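Chain and residue survey
Take a look at the letters that make up each chain.
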Amino acid sequence: MASANKQQKRAARAKTKARQNRTKRAEAPVELDPNDDRIDFESVDLTELFKKMIDAEKISQQAMCSAFLEDPLLELVYEQEGEEGAMDFILAALIEYRQWSQETDEAGALAWIESPAFQADYVAASDAIAAQTQQKN
């Protein structure tokens, strides 16, 4: 687990990124290079993922974390953006999800992500997925 200072920096980056994403979606669409096969993650519609997550959250918060972590989009983000870019995307997506599902502000969403209960469920979901992946290999 990262230090508190590093978590705060990541959370601040994610908060800024989420704000930028909302602003960009409100603006006119940007023309992308048709020869670029990379996905523009800042303009990806996460509604379907959020619907899966909210359904899973009815079971438990850990199930919601698993639904999020098992989504193929995260693998694409990691491949294209690397570890730090993927962490920024994950935090921004989780903040956006919480705002979407609970109609809370950024501070409330960030407090939820930083809560010990969420951290424990997220780590447990991640560990369970890692164990399943190892069993398959």
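My aim in this report is to walk through the structure given alongside it, one point at a time. Bear in mind that the values here come from a model prediction, so they are computed numbers and not experimental data.

Cut-offs used in this document
- Residues numbered from 1 in each chain as written.
- Predicted model: local features only at pLDDT ≥ 70, side-chain atom pairs only at ≥ 80, totals over all residues.
- Heavy atoms only, no water.
- Buried < 20%, exposed > 50% of the residue type's maximum accessible area, 1.4 Å probe, protein only.
- Helix = DSSP H or I, 4+ residues; strand = E, 2+ residues; numbered from the N terminus.
- Contact = heavy atoms within 4.5 Å.
- Core = buried A, V, L, I, M, F, W, Y, C linked by side-chain atoms within 4.5 Å.
- Salt bridge = Lys/Arg side-chain N within 4 Å of Asp/Glu carboxyl O.
- Phe/Tyr/Trp six-rings, centres within 6.5 Å; stacked < 30°, edge-to-face > 60°.

Here the focus is helix H3 (residues 61–69). Inspection of H3 places Gln61, Met64, Cys65, Ser66, Ala67 and Phe68 among the buried residues, and these make up the whole buried set. Elements that come into contact with the buried residues of H3 comprise helix H2 (47–57), helix H4 (72–102), helix H5 (106–114) and helix H6 (116–136).

What follows covers the nonpolar core. Within soluble globular proteins, side chains that are nonpolar generally end up buried alongside one another. Membership of the largest hydrophobic core comes to 30 residues, with the highest contact counts inside it found for Leu46, Met53, Phe68, Leu94 and Phe118. When contributions to this core are tallied by element, the ones reaching two or more residues are helix H1 (4–26), H2, H3, H4, H5 and H6. Per-element accounting of this core gives the leading share, 12 residues, to H4. In this view, methionine 53 contacts Met64, Ala67, Phe68, Leu94 and Tyr97; residues no more than four positions away in its chain are not counted.

The next subject is the pattern of salt bridges. Summed over the entire model, instances satisfying the criterion amount to four salt bridges. In this structure, aspartate 71 engages lysine 52 in a salt bridge whose closest nitrogen and oxygen atoms are separated by 3.1 Å. In this pair, aspartate 71 sits in the loop between H3 and H4 while lysine 52 sits in helix H2, placing the two residues 19 residues apart along the sequence. Put simply, aspartate 55 and lysine 58 hold a salt bridge, and the shortest N to O gap is 3.7 Å. The class for aspartate 55 is partly exposed, based on a relative accessible area of 46%.

Moving on to the packing of aromatic side chains. For the structure shown, the criterion picks out six aromatic pairs. Arranged with centres 5.6 Å apart and planes meeting at 40 degrees, the rings of phenylalanine 50 and tryptophan 100 form a pair that is tilted. Of this pair, phenylalanine 50 sits in helix H2 while tryptophan 100 sits in helix H4, placing them 50 residues apart in sequence. Using a relative accessible area of 3% as the deciding quantity, one classes phenylalanine 50 as buried. Seen from their ring centres, phenylalanine 118 and tyrosine 122 are 5.8 Å apart, and the 35 degrees between their planes marks the pair as tilted. With phenylalanine 118 and tyrosine 122 both in helix H6 and four residues apart, the pair spans about one turn of that helix. For the residue pair phenylalanine 118 and tyrosine 122, the accessibility class agrees, reading buried in each case. Every member of this aromatic cluster is reached through a ring pair, and the members are Phe50, Tyr97, Trp100, Trp112, Phe118 and Tyr122.

Honestly, that's just the spatial picture; any functional story needs more than this.
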